Amino acid sequence: MSPFQSKDLTIEANTIHKERTMEEYSIYIDGEWIRSEKKIRVVNPATDDAFAEVSTTDRAGVTRALESARRAFPQWSGMTGMKRGDYLLDVASRLSHRAEEIARIITMENGKPIAQSRAEVSMTIDHFRWFAEEARRGYGRVVPHQADGKRNFVIRQPVGVVGAISPWNFPLVLAARKVAPALAAGCTVLLKPASQTPVCAVELARCIAEADLPAGVFHLLAGNSSEIGNELLENPICRKISFTGSTEVGKQLIQGAARTCTKLSLELGGNAPVIVFADADLEAAAEGALITKFRNTGQSCVAANRIYVERPIYDAFIKAFVEKTKKLKVGNGLGEGVDIGAVVNRQALDTALGFVNDAVTRGARLLHGGARWGDKGNFLEPTVIADVPDDALCAREEIFAPVAAIYPFSSEEEALRKANGTEFGLAAYAYTGNVSRAVRVAERLEAGTVGINDSVPTTSNCPFGGVKQSGWGRELGAEGLDSFLETKHISLGIA
């Protein structure tokens, strides 16, 4: 069985191959579903065929949404956390009832295998349930007074209106990581999904609308990223922007936010290393690295970008890894047992092929793949390259494709130096059978999340985010709620 599949994630063949006709979707502003003449065409990267159109808004529409969110804020923030949590649990329930349909939509607009889309919907539901409980835990504290006649309190209050900007690679769950905690904290929210993958966000908005949240608490926007982003940055109603995307765009948001002191949470690019020590369980390490690399067709900010293997097991690891890679099934993500779907578009395919060609030109060995798969859609054979030189593009830049680059190392110090030798620090992984080394390496790896003998360390109840140029702040865990709360000190004079 594939490492990406499980028996409970299979679906009937007649469901898999049922084609959808072109559908039109509205955006959601001020409690109303709105259609516009200007629309985004959503293309299935596995077929290059458009299957949906989503209405858009202009900057005036964003302004309207912000004003509506401001009006709704006092009522929503004034509710008890328990009541807001009840709303979020209702959203989670509606997502659960429609999980299969939403998973199919994710696969059609993103290209990932259906089993992984189902897993994304499941994690989204878990996020809403987690923050439904966290909603009642925006704790403050009583501070012992230092002057007679005074009492001191610290309380936590919602930031205000929030702009949430989500990416295309995990289009539903990364939207949920912003929307769920912001709503739980008492903020009102404007969600702007990626233009490549807006349909699953429409389905999320539908679940929120059907849960009867008060009008103005949540809005779904689609359209020109610059127009929407500039209004969020420049309009003082928007008190915070939470963004997941490239480091380049994140820096642009930082520059724009400087003019208004708009708060930012940024989850940006990654260049994740995997270190495999000679004392590791070789089979487990090869399997773990395979999952970390090829999950979501390699289109993940926490994917294994650089796989460092200690020299005594270097050849054995490569043999095991290549054998496992050869067993991965490539195809339309709606197909049965598919492990590797289409990359998001032709530009992504060409960029990945460019990384492979650059590495081979510089002396790397191409061990498997390295070419486009099929004659339709945007598929890349799962690719393995070894002996990759440190000056190759894929050693310095995020690959974001099913391309595994493997490097040898001779010592722990060398491995850590190379692993940390990047401006990014979102995630890192290591495989070892030595407990002392596990602790030592985990502490020294410069990343916001470290998986030791664990290929998928992310979970709702632990913080997620990066160091260095991989971002500001944390999502998930208790920290996920904190990022949407302000801290206020109250000094009370008493007789």
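The rules behind these values
Residues numbered from 1 in each chain as written. Predicted model: local features only at pLDDT ≥ 70, side-chain atom pairs only at ≥ 80, totals over all residues. Heavy atoms only, no water. Helix = DSSP H or I, 4+ residues; strand = E, 2+ residues; numbered from the N terminus. Rg over C-alpha atoms; globule rule 2.2 N^0.38 Å. Buried < 20%, exposed > 50% of the residue type's maximum accessible area, 1.4 Å probe, protein only. Contact = heavy atoms within 4.5 Å. Areas by Shrake-Rupley, 256 points an atom, 1.4 Å probe, with all protein chains shown as cover. Core = buried A, V, L, I, M, F, W, Y, C linked by side-chain atoms within 4.5 Å. 1 Å grid on protein atoms, 1.4 Å probe; cavity = no way out; pocket = protein on both sides within 12 Å on 5 of 7 lines; lining within 4 Å. Points joined across faces, edges and corners; volume = space filled by probe spheres on them. Nonpolar A, V, L, I, M, F, W, Y, C, P; charged D, E, K, R; others polar. Salt bridge = Lys/Arg side-chain N within 4 Å of Asp/Glu carboxyl O. Pairing = 2+ DSSP bridges. pLDDT = per-residue confidence, 0-100. Axes fitted to C-alpha atoms, helices over the stretch in contact; angles between N-to-C directions. Phe/Tyr/Trp six-rings, centres within 6.5 Å; stacked < 30°, edge-to-face > 60°.

Draft legend 1. Here's a closer look at the overall build of the protein. Looking only at helices and strands, the protein has 16 helices and 23 strands in total. Since a compact globule built from 495 residues should have a radius of gyration of about 23 Å, the 23 Å found for the protein is in line with a globular shape. In the protein, which comprises 495 residues, the share counted as buried stands at 58%. In the protein, of all internal contacts separated by at least 6 residues, the share reaching a separation of at least 24 is 73%. Carbon and sulfur atoms make up 49% of the accessible area of the protein, which totals about 19800 Å².

Draft legend 2. Examining the nonpolar core more closely. With 156 residues, the main nonpolar core has Phe-128, Ile-307, Phe-317, Phe-321 and Cys-394 as its most contacted residues. Here this core takes nine residues from helix H7 (residues 199-210), the largest share from any one element. Non-local contacts of Cys-394, meaning those with residues more than four positions away in its chain, are made with Asn-305, Arg-306, Phe-355, Ala-359, Ile-385, Val-388, Ile-399, Ala-405 and Tyr-407.

Draft legend 3. Main features of the layout of surface pockets. Considering only enclosed or pocket space, the largest pocket measures out at about 1400 Å³ in volume. Lining of the largest pocket is provided by 45 residues; of these, Trp-168, Phe-243, Gly-245, Ser-246 and Val-249 occupy positions nearest its centre. When residues of the lining of the largest pocket are traced back to their parent elements, those giving at least two are helix H8 (225-234), strand S11 (238-244), helix H9 (247-258) and helix H12 (346-361). No other element matches H9, which puts seven residues into the lining of the largest pocket. Its residues assigned to classes, the lining of the largest pocket comprises 19 nonpolar, 19 polar and seven charged.

Draft legend 4. Geometry of the pattern of salt bridges. Going through the model one piece at a time under the given rule, you end up with 31 salt bridges. The shortest N-O distance in the salt bridge between Asp-30 and Arg-71 comes to 3.7 Å. Of this pair, Asp-30 sits in the loop between strand S2 (27-29) and strand S3 (32-34) while Arg-71 sits in helix H2 (residues 59-78), and the two are 41 residues apart along the sequence. Take Asp-30: its relative accessible area is 22%, and that puts it in the partly exposed class. Judged by relative accessible area, which is 55%, Arg-71 ranks as exposed. In this structure, Asp-391 and Arg-362 form a salt bridge, with 3.4 Å as the shortest nitrogen-oxygen distance.

Draft legend 5. Geometry of the pairing of strand S20 (residues 427-431). Buried residues dominate S20, accounting for five of its five residues. Residues Ala-427, Tyr-429 and Tyr-431 point to one face of S20 and Ala-428 and Ala-430 to the other, with burial holding for every one of them. Direction of pairing for strand S13 (residues 272-276) relative to S20: parallel, over a ladder of three bridges. Paired with Val-276 across the two strands is Tyr-431, which belongs to S20. Bridge count between S20 and strand S21 (residues 449-452): four bridges; the pairing is parallel.

Draft legend 6. Expanded view of the confidence of the model for the protein. Of all residues in the protein, 96% have pLDDT values of 70 or greater, and the mean over the chain is 95. Across residues 1-19 the pLDDT falls below 50, and counting only partners more than four positions away or on other chains, this stretch makes 33 contacts in the model.

Draft legend 7. View of the sheet that holds S13. Pairing within the open sheet is mixed, and its seven strands lie in the order S15-S18-S19-S14-S13-S20-S21. One side of each edge strand has no neighbouring strand; the edge strands of this open sheet are strand S15 (365-368) and S21. Looking at each pair of strands side by side, their axes are set apart by 20° on average, direction ignored. Seen against the sheet, H12 touches S15, strand S18 (383-386) and strand S19 (403-409) and runs at an angle of roughly 25° to S18.

Draft legend 8. View of the environment of Glu-443. Looking at the secondary structure, you find Glu-443 in helix H15 (residues 435-444). Glu-443 sits 358 residues away from Gly-85 along the chain, and the two C-alpha atoms are 35 Å apart.

Draft legend 9. Region of interest: the packing of aromatic side chains. For the structure shown, the criterion picks out eight aromatic pairs. Taking the centre distance of 5.5 Å and the plane angle of 50° together, the rings of Trp-76 and Tyr-87 count as tilted. Of this pair, Trp-76 sits in helix H2 while Tyr-87 sits in helix H3 (residues 81-97); the two residues are eleven residues apart in sequence, bridging distant segments of the chain. Judged by relative accessible area, which is 0%, Trp-76 ranks as buried. When its relative accessible area of 16% is taken as the criterion, Tyr-87 is described as buried. Their ring planes at 65° and their centres at 5.2 Å tell us that Trp-373 and Phe-379 sit as a pair that is edge-to-face. In this structure Phe-379 comes out as buried when scored by relative accessible area, which is 2%. Taken together, the ring pairs in this structure connect Phe-294, Phe-317 and Phe-321 into an aromatic cluster.

Draft legend 10. Main features of the sheet that holds strand S1 (residues 23-25). Taken together, three strands build an open sheet; the order of strands is S1-S5-S4 and the sheet is mixed. The two strands at the open ends of the sheet, each matched to only one other strand, are S1 and strand S4 (39-44). Neighbour-to-neighbour, the strand axes of this sheet turn through a mean angle of 30°, independent of strand direction. With respect to the sheet, helix H4 (residues 99-110) is in contact with S1, S4 and strand S5 (49-55), its orientation differing from that of S4 by roughly 90°. Seen against the sheet, H7 touches S1, S4 and S5 and runs at an angle of roughly 60° to S1.

Draft legend 11. Representation of unusual backbone geometry in the model. At Asp-212, a position not held by glycine, the phi torsion is positive, near 65°. For Asp-212, the position within the fold is in the loop between H7 and strand S10 (218-220). Positive phi outside glycine occurs at Asn-453, with the angle close to 55°.

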